[in-house]
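Residue-level structure breakdown
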Amino acid sequence: MTSTWLPRFGAICAILLGLSIGGPALVEAFTGETAVTSFVLGIGTALGTPALTVLYLHQAAAGGRFGLVAYAVNVVGLGLFAGVAFTLNLVLFYLEPAIVERLLQGPTRVTFLAATAVFVAGTVLFAVSMARSRIFPRPAVYGYGVALPLLAVLAPLPDTPLTSAVHVVAGASLIWLALPVLPRRTAVVNEAA
C-alpha cells in the first residue's frame, strides 16, 4: 500500500458522497423523491467519515488544535446525522405518512434534533477551521459551511426546489474540496547513471 492510498480513497469517497447528495437532488427536482434517489442518498452517507478524515488530514498542520477539535465534533455529528439520513431515506420513506408523523412526535424527534444540532455545530466549526487554514478553495469551504448545515436542517421537510438546490450546492462543495486532496500522478523518468 502506498502513501497515496488514503488520500486517494478519502477523496474518492468525498466525490462519491457529493454525487450521492447532488445527483438525486437533480433528479428529484423533476420527479420528486423516488425509492432509487432515497436509496442513493441514504447509502451515500456511509462515505462521509473517510471523506471528512482525509479533508482533515490534508489541512491538519495548518488547522492546529482548533482544527482537531472541529474535526472531532464534525466526525461525531456526521456519524449521528448519517444515521438520521439513513433512517429518513431508507426506513421512514417506505412508511405511511401517518405512521411517520406519529413516530416523529416521540423521542425519535428529540434524537433527530439532537443529532442534527451536533452535526450542524461540527460542520460549521470544521468549515471555520478550513477557512482559517486557507488550504482549500474558499467557495468550496463556504459551500460546505452553509449548504451542509442547511441540508441537515431541511432534511425532515418536504422536498422543494430549495432543498434540491441546497443538496446540489452541498454535493458540489464536497467534490470541489476533494480535488486538492487527490494525489497527482507523476511521470517516472528513468535516468541513466
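A brief report on the enclosed structure follows. Owing to the predicted nature of the structure, the values given are computational and were not obtained by experimental measurement.

**Overview of the overall build of the protein chain**
- Counting secondary structure elements, the protein chain contains 7 helices and 0 strands.
- Here the C-alpha atoms of the protein chain give a radius of gyration of 18 Å, agreeing with the 16 Å that 2.2 N^0.38 yields for 193 residues.
- When the backbone C-alpha atoms are referred to their principal axes, the protein chain occupies close to 75 × 35 × 30 Å.
- For the protein chain, the proportion of its 193 residues judged to be buried stands at 40%.
- Taking the contacts inside the protein chain whose residues are at least 6 apart along the sequence as the reference set, 80% of them involve residues at least 24 apart.
- Carbon and sulfur atoms make up 71% of the accessible area of the protein chain, which totals about 10500 Å².
- With 9 positive and 6 negative side-chain charges, the protein chain shows a separation of 20 Å between the mean positions of the two kinds.

**Details of the nonpolar core**
- Counting 43 residues, the largest nonpolar core has F126, Y144 and L177 as its most contacted members.
- With sequence-adjacent residues up to four places away left out, L177 is seen in contact with L55, M130, F136, A140, V141 and Y144.

**Examining the packing of aromatic side chains**
- For the coordinates displayed, the defined rule picks out 5 aromatic pairs.
- Both rings, one in Y56 and one in Y71, keep their centres 4.7 Å apart while their planes meet at 20°; by these two values the pair is stacked.
- By relative accessible area, which is 16% here, Y71 ends up buried.
- Relative to F119, the ring of F81 lies with its centre 4.9 Å away and its plane at 15°, an arrangement referred to as stacked. Of this pair, F81 sits in helix α3 (residues 48-90) while F119 sits in helix α5 (residues 107-133), and the two are 38 residues apart along the sequence. Both residues of the pair, F81 and F119, belong to the buried class.

**Examining the layout of surface pockets**
- Roughly 1000 Å³ of volume is contained in the largest pocket.
- Along the wall of the largest pocket there are 46 residues; nearest its centre are L88, N89, L154, A155 and P156.
- Of all the elements in the fold, those that place two or more residues in the lining of the largest pocket are α1 (5-31), α3, α4 (97-103), α5, α6 (138-154) and α7 (161-178).
- Taken together, the residues of the lining of the largest pocket sort by class into 33 nonpolar, 8 polar and 5 charged.

**Re the environment of T45**
- Relative to the elements of secondary structure, T45 occurs in the loop between α2 (35-44) and α3.
- On the basis of relative accessible area, T45 is assigned to the buried category, the value being 17%.
- Expressed as a C-alpha distance, the spacing of T45 and G83, which sit 38 residues apart in the sequence, is 8.2 Å.
- In terms of polar contacts, T45 uses its side chain to reach the backbone carbonyl oxygen of G42, at 2.8 Å.

**Comments concerning the packing of α3 against α5**
- Contact geometry of α3 with α5 gives a least axis separation of 8 Å together with a crossing angle of 155°. Comparing their axes, α5 and α3 come out roughly antiparallel. With respect to the hand of their crossing, α3 and α5 are arranged in left-handed fashion.
- Here the contact of α3 with α5 is composed, by residue class, of 23 nonpolar, 11 polar and 1 charged.

**A few points about the side chain of T116**
- For T116, the location among the structural elements is in helix α5.
- The class of T116 is buried, set by a relative accessible area of 13%.
- If near-sequence neighbours (up to four positions away) are discounted, T116 is found in contact with F81, A152 and V153.

**Things to note about the packing of α5 against α6**
- Interhelical geometry of α5 versus α6 gives an angle of 175° and a closest axis separation of 9 Å. With respect to each other, α5 and α6 are oriented roughly antiparallel. Here T116, F119, V120, T123, V124, F126, A127, M130 and A131 of α5 come into contact with α6, specifically with R138, V141, Y144, G145, L148, P149, A152 and V153.
- By residue class, the composition of the contact of α5 with α6 is 13 nonpolar, 3 polar and 1 charged.

Reading the values: the criteria
- Numbering of residues starts from 1 in every chain and runs along the sequence as written.
- Predicted model: local features are reported for residues with pLDDT of at least 70 only, side-chain atom pairs are reported and counted for 80 or more only, and whole-chain, interface and lining totals are derived from all residues.
- No hydrogens and no water enter the side-chain calculation; it runs on all heavy atoms of the structure.
- Numbering of helices and strands runs from the N terminus; a helix is a DSSP stretch of H or I covering at least four residues, while a strand is a stretch of E covering at least two.
- In this setup the radius of gyration rests on C-alpha atoms only. A globule is expected at 2.2 Å times the number of residues raised to 0.38.
- Note on classification: 1.4 Å probe, protein chains only; a residue is buried when its accessible area is under 20% of the maximum for its type, exposed when over 50%, partly exposed between these limits.
- Should any heavy atoms of two residues lie within 4.5 Å, those residues are counted as being in contact.
- Each accessible area is a Shrake-Rupley estimate made with a 1.4 Å probe; only the visible protein chains count as cover when residues are assessed.
- Positive charge is attributed to Lys and Arg, negative charge to Asp and Glu, and no charge count is given to His or to the chain ends.
- To locate a charge, take atom NZ for lysine, CZ for arginine, CG for aspartate or CD for glutamate.
- In these notes, a set of buried Ala, Val, Leu, Ile, Met, Phe, Trp, Tyr and Cys residues joined through side-chain atoms within 4.5 Å is what counts as a nonpolar core.
- Aromatic pairing here means that ring centres of Phe, Tyr or Trp (its six-membered ring) are within 6.5 Å. Orientation follows from the plane angle: under 30 degrees is stacked, over 60 is edge-to-face, and everything else is tilted.
- A cavity here means a set of points on a 1 Å grid, drawn over the protein atoms and nothing else, where a 1.4 Å probe fits but cannot get out; a pocket is an open set with protein on both sides within 12 Å along at least five of seven lines, and a residue lines either one if it has an atom within 4 Å of a point.
- Grid points are joined across faces, edges and corners, and a volume is the space filled by probe spheres set on the points.
- Only Asp, Glu, Lys and Arg are considered charged in this grouping, and only Ala, Val, Leu, Ile, Met, Phe, Trp, Tyr, Cys and Pro are considered nonpolar; every other residue, Gly among them, is considered polar.
- By the criterion applied in these results, polar contacts are pairs of N or O atoms within 3.5 Å in which, for protein atoms, one can donate a hydrogen and the other can accept it, and in which residues neighboring in sequence qualify only through two side-chain atoms.
- Orientation is described by axes fitted as lines to C-alpha atoms, over the contacting stretch for helices, and by angles from 0 to 180 degrees between their N-to-C directions.
- Geometric relationships in this document are graded by angle, where less than 35 degrees denotes roughly parallel, more than 145 denotes roughly antiparallel, 65 to 115 denotes roughly perpendicular, and other angles denote oblique.
- Note on convention: near helix rotated counterclockwise from far helix by under a right angle means a left-handed crossing. Clockwise means right-handed.

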